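Examining the three-dimensional arrangement
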Amino acid sequence: MIILSSNCGFQHPVASEITPENVYLQRRALMRQAVTGSAGLALAAWGWPEAWAQTPGPGQLASLPSVPSKVSGGVVMDKPTPYKDATTYNNFYEFGTDKADPAKRAHTLKTDPWSVAIEGLVKKPARVNLEDLLKWGAMEERIYRLRCVEGWSMVIPWIGYSLADLIRRVEPLPGAKFVEFVTQADPKTMPGLRSGVIDWPYLEGLRMDEAMHPLTLLAFGMYGEVMPKQNGAPLRLVVPWKYGFKSSKSLVKIRFTDKQPVISWEKSAPQEYGFYSNVNPNVDHPRWSQATERRIGEDGLLAKKRKTLMFNGYETQVGQLYAGMDLKKFF
């Protein structure tokens, strides 16, 4: 499928991104109260100027304060996936290939101390401690859809800041066209490394304009708390318009390069997984359709599947990145 661009292209908001009428009316009422000077407690309770407070934490891990995101597409109105489902149904092959393995085994992951190496074509290469990385951007809550290439999906309230904040700080050189991400690979704490599923460490990559897009998130937490180990602690990538395997977990290196990285799944099964891996209901996986998905946490395995949205529903925000590209060829 070829995506064509126009001055008014990609303006296709979906129902889940439209503010519900009751919320809209409540906002209007608050605005009227503000004008008359009677908003007081109401505005404080609502966290004015935003109508949503941070998602309440489940009380499992340390809290990670944030503010609601103002990025276009940064907060979808879909119902968030229950925390229990989001933390017990995971792909993190470093701990095993079963969906329950990460929750059972990831407690062995040592996240303190932790640092990330910034390498390659940048003016300011460095090894940065987690404590400093936490300060490189303002923590926002982003409620994103997460679509797995396997045909299931979730809605996760992440906490972090745009990867672009980090990229601007390290100042890529003019020749940097791609960003490569390297996941921790420690045989002592990651039993899944003994398998030959892929060549370790896990490698992922983005084109520079994808990495710089405001929606591309460097996430340090979820559900109001720090990142659970099974979900990619202590920091991970989240690219909401791409299939979930593009969102690398437990990052230890961010490398800037002039050549397109060969990502792990592309190397392992190039006929099935491409570099871009944008969510696309019109381009099937060789072994199954991508037209529909099963939302985890919704009425069990017998729940009716929902239609998959182009770019996972972020077409308005990211469609122009791929204008003119044949997305069947560049899958």
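Within any chain, residue numbers begin from 1 and follow the written order of that chain's sequence. Local features in this predicted model are restricted to residues of pLDDT 70 or higher, and side-chain atom pairs are both shown and tallied only at a pLDDT of 80 or more, whereas totals for entire chains, interfaces and linings draw on every residue. No hydrogens and no water enter the side-chain calculation; it runs on all heavy atoms of the structure.

A word on the sheet that holds strand S7 (residues 203–207). As summarised here, the arrangement of the five strands in space is S3-S2-S11-S6-S7, forming an open sheet in which the pairing is mixed. Either end of the sheet is taken by a strand with one partner, and the two such strands are strand S3 (126–129) and S7. If you compare each strand with its neighbour and ignore which way they point, the axes differ by 20 degrees on average. At least two DSSP bridges between two strands are needed for those strands to be called paired. A run of H or I in DSSP counts as a helix once it spans at least four residues, and a run of E counts as a strand once it spans at least two, with each numbered from the N terminus. As paired elements, strand S6 (residues 178–183) and strand S11 (residues 251–257) share six bridges and run antiparallel to each other. Within the sheet, the bridge partner assigned to Val179 lies in S11 and is Phe256. Residues count as neighbours in contact if any of their non-hydrogen atoms are within 4.5 Å of one another. Structural elements are reduced to axes, namely lines fitted to C-alpha atoms, with helices fitted over the stretch in contact, and the angle between N-to-C directions of any two is expressed from 0 to 180 degrees. Here helix H6 (residues 163–170) sits on the sheet and contacts strand S2 (115–120), S6 and S11; the angle it forms with S11, its principal contact strand, is near 60 degrees.

On to the pairing of strand S5 (residues 152–162). Burial classes follow relative accessibility: with a 1.4 Å probe on protein chains only, a residue under 20% of its type's maximum area counts as buried, one over 50% as exposed, and anything between as partly exposed. Counted residue by residue, S5 has eleven buried out of eleven residues, so it is predominantly covered. Taken together, strand S4 (residues 140–147) and the strand that follows it, S5, pair antiparallel across an intervening segment of four residues, in which Gly151 is found at a positive phi of about 105 degrees. Pairing of S5 with strand S12 (residues 292–295) involves two bridges; the strand directions are parallel. From the neighbouring strand, Ser153 faces S12, where its bridge partner is Arg295.

Now for the nonpolar core. Soluble, globular proteins show a tendency: their nonpolar side chains are buried together. Among buried residues, the Ala, Val, Leu, Ile, Met, Phe, Trp, Tyr and Cys ones that are joined through side-chain atoms within 4.5 Å form a nonpolar core. Counting 81 residues, the largest nonpolar core has Leu166 and Phe256 as the members making the most contacts within it. Among the elements that take part in this core, S5 stands out by supplying seven residues, more than any other.

What follows deals with the confidence of the model for the chain. The predictor rates its confidence in each residue with pLDDT, a number between 0 and 100. In this model, the chain carries a mean pLDDT of 87, and residues with pLDDT of at least 70 account for 83%. No element of the chain has a lower mean pLDDT than helix H2 (residues 40–46), at 29, and none a higher one than strand S10 (residues 236–238), at 99. For residues 1–51, every residue scores under 50 in pLDDT, and the model assigns this stretch 67 contacts once sequence neighbours within four places are set aside.

We now examine the pattern of salt bridges. Salt bridge, as used here: a side-chain nitrogen of Lys or Arg that lies within 4 Å of a carboxyl oxygen of Asp or Glu. With the rule as written, the count across this model stands at 20 salt bridges. One salt bridge in this structure joins Asp165 and Arg168, with 2.9 Å as the shortest N-O distance. Here Arg168 and Asp165 lie together in helix H6, a separation of three residues that amounts to about one turn. Between Glu272 and Arg287 there is a salt bridge; the shortest N-O distance is 2.8 Å. Pair noted here: Glu272 is in the loop between helix H8 (264–268) and S12 and Arg287 is in the loop between H8 and S12, with a separation of 15 residues, a long-range link.

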